[in-house]
Amino acid sequence: MEEARLTELRGIIPHDVTLVAVSKFHPAEAIRAAYNAGQRVFGESRADELAAKAAALPDDICWHFIGHVQTNKLRRILPHVTMIQSVDSERLLRLIDAEAEKMGLSTKVLLQVHVAAEETKTGFSPEELTEVARRCAPELRAATIEGVMGMATNTVDTDRIRADFQAIARTGQRLREIVPSATVLSMGMSGDWQMAVECGSNMVRIGSDIFGPREY
Ligand SMILES: *Cc1c(COP(=O)(O)O)cnc(C)c1O
């Protein structure tokens, strides 16, 4: 973990933008070093890895789940997370709500919107996202919709990246017409977070720029 780089990032990211340090595939010691440098919000993408790290690390860490949620692993994820950012189906949203209620938890969620060119990326279309919010928000009891999460196309074409972030931001605006408290706009990663912030992001998810390359 490059502690100097984390400190530098924390200095240049605007104060009203939450930094999620994406620690997936990096060992607990790397997270502890970031924690000791003052970082409290971390992003993980696999249930078993999250559970192991949460057990080994301080209780005041806010864990955000940012990966694909396998429904059979949901009960393993829920006790540890403050937020699930990667809700990409109505079924998953309703399941999180039901399981969190059974476990006596309240769980913040972001609805993931898909605007990027890659088919491999998941998420609702902007239209689906607002429809699902309209249908589900009044019925949720333990999950609260806090905003949207999205990713730009992986490309060097900055016009395309900007257009993607603007589309994600517009989806966030539409969501707020339905759920006024859903103010989180989670977009921007190591390579593109500055443009995301220019487009209105208030939560960036940065991994490799803090922790170095991941070994899968
Ligand atoms: C891995 C991941 C990130 C971090 O990506 P970096 O390029 O390493 O900053 C951000 N968001 C999501 C959803 C991810 O899966």
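Being a predicted model, the structure only gives us computed values, none of them experimental.

Peer 1: Help me understand the site of the ligand, please; the structure alone is not making it clear to me.
Peer 2: For the ligand, the full set of nearby residues is Val22, Lys24, Ile66, Met151, Met189, Ser190, Arg205, Ile206, Gly207, Ser208 and Arg214. Between a nitrogen atom of the ligand and a side-chain N or O atom of Arg205, the distance comes to 2.8 Å. Between an oxygen atom of the ligand and a main-chain N or O atom of Gly207, the distance comes to 2.8 Å. Out of a free accessible area of 390 Å², the ligand has 88% covered by protein chains. When atom positions are compared with the pocket grids, the ligand is found to occupy the largest pocket.

Peer 1: What is the right way to read the packing of aromatic side chains from this model?
Peer 2: In this description, a pair of aromatic rings is defined by centroid distance and the angle of the planes. By the definition in use, this model includes one aromatic pair. On the numbers, 6.0 Å between centres and 45° between planes, the contact of Phe42 with Trp63 is tilted. In this pair, Phe42 is assigned in strand β2 (residues 41-44) and Trp63 in strand β3 (residues 62-65), connecting sequence segments 21 residues apart. Given a relative accessible area of 0%, Phe42 falls into the buried group. A relative accessible area of 3% places Trp63 in the buried class. Here Arg40 stacks its cationic end above the ring of Tyr35, 3.6 Å away from the centre of that ring.

Peer 1: I'm lost on the environment of Ile13 in this one. Help?
Peer 2: Mapping Ile13 onto the fold places it in the loop between α1 (3-12) and β1 (18-22). The exposure class of Ile13 is buried, given its relative accessible area of 4%. Excluding residues within four positions of it along the chain, Ile13 makes contact with Leu19, Trp193, Val204 and Ile206.

Peer 1: For this particular structure, what's the right way to read the side chain of Ser186?
Peer 2: Counting through the fold element by element, Ser186 comes out in strand β7 (residues 184-186). When neighbours within four sequence positions are excluded, Ser186 is seen to be in contact with Gln85, Leu110, Val148, Met149, Gly150, Met203 and Arg205.

Peer 1: What is the right way to read the layout of surface pockets from this model?
Peer 2: Here the largest pocket defines a volume of roughly 690 Å³. Lining the largest pocket are 33 residues, and of these Lys24, Lys121, Met151, Met189 and Arg205 lie nearest its centre. For the lining of the largest pocket, the secondary structure elements donating two or more residues are β6 (143-151), α7 (158-178) and β8 (203-206). The element best represented in the lining of the largest pocket is β6, accounting for three residues. The residue makeup of the lining of the largest pocket, split by class, is ten nonpolar, 16 polar and seven charged.

Peer 1: Where do I start with the pairing of β8 in this structure?
Peer 2: It is a general feature of regular strands that their side chains alternate between the two faces of the sheet. Alternating positions in β8 separate into two faces, Met203 and Arg205 on one and Val204 and Ile206 on the other, with burial throughout. Where β1 and β8 come together, four bridges link them in parallel fashion. For Thr18, the partnering residue across the bridge sits in β8 and is Met203.

Peer 1: Would you mind going over empty space enclosed by the protein with me for this structure?
Peer 2: Space left empty within the atom packing is revealed by a probe, the size of a water molecule, rolled over the atoms. Within the structure shown, the criterion is met by one cavity of 30 Å³ or more. Reported here for the largest cavity is a volume of approximately 40 Å³. Around the largest cavity sit Gln112, Val113, His114, Val115, Ala116, Lys121, Thr122 and Met151, which together line it. Among the elements that make up the lining of the largest cavity, the one with the highest residue count is strand β5 (residues 107-114) (three residues). Of the residues belonging to the lining of the largest cavity, the class tally is four nonpolar, three polar and one charged.

Peer 1: Before we go on, may I ask you to explain the pattern of salt bridges in this structure?
Peer 2: Opposite charge on two side chains makes pairing possible when the charged atoms of those side chains draw close. Scanning the model with the defined rule gives 16 salt bridges in all. For Arg75, the salt bridge identified is with Glu99, shortest N-O distance 3.6 Å. Here Arg75 is found in helix α4 (residues 74-77), whereas its partner Glu99 is found in helix α5 (residues 90-102), with 24 residues between them in sequence. When its relative accessible area of 11% is taken as the criterion, Glu99 is described as buried. The partner of Arg94 in a salt bridge is Glu90, with the nearest N and O atoms 3.1 Å apart. Linking Arg94 with Glu90, this pair stays in helix α5, spanning four residues, or about one helical turn. Each of Glu44, Arg46, Glu49 and Lys53 takes part in a single network of salt bridges with overlapping partners.

Cut-offs and rules
Residues numbered from 1 in each chain as written. Predicted model: local features only at pLDDT ≥ 70, side-chain atom pairs only at ≥ 80, totals over all residues. Heavy atoms only, no water. Near = heavy atom within 4 Å. Polar contact = N/O pair within 3.5 Å; in protein donor to acceptor, adjacent residues only side chain to side chain. Areas by Shrake-Rupley, 256 points an atom, 1.4 Å probe, with all protein chains shown as cover. 1 Å grid on protein atoms, 1.4 Å probe; cavity = no way out; pocket = protein on both sides within 12 Å on 5 of 7 lines; lining within 4 Å. Sits in = over half its atoms within 2 Å of the grid points. Phe/Tyr/Trp six-rings, centres within 6.5 Å; stacked < 30°, edge-to-face > 60°. Helix = DSSP H or I, 4+ residues; strand = E, 2+ residues; numbered from the N terminus. Buried < 20%, exposed > 50% of the residue type's maximum accessible area, 1.4 Å probe, protein only. Lys NZ or Arg CZ within 6 Å of the ring centre and 35° of its normal. Contact = heavy atoms within 4.5 Å. Points joined across faces, edges and corners; volume = space filled by probe spheres on them. Nonpolar A, V, L, I, M, F, W, Y, C, P; charged D, E, K, R; others polar. Pairing = 2+ DSSP bridges. Salt bridge = Lys/Arg side-chain N within 4 Å of Asp/Glu carboxyl O.

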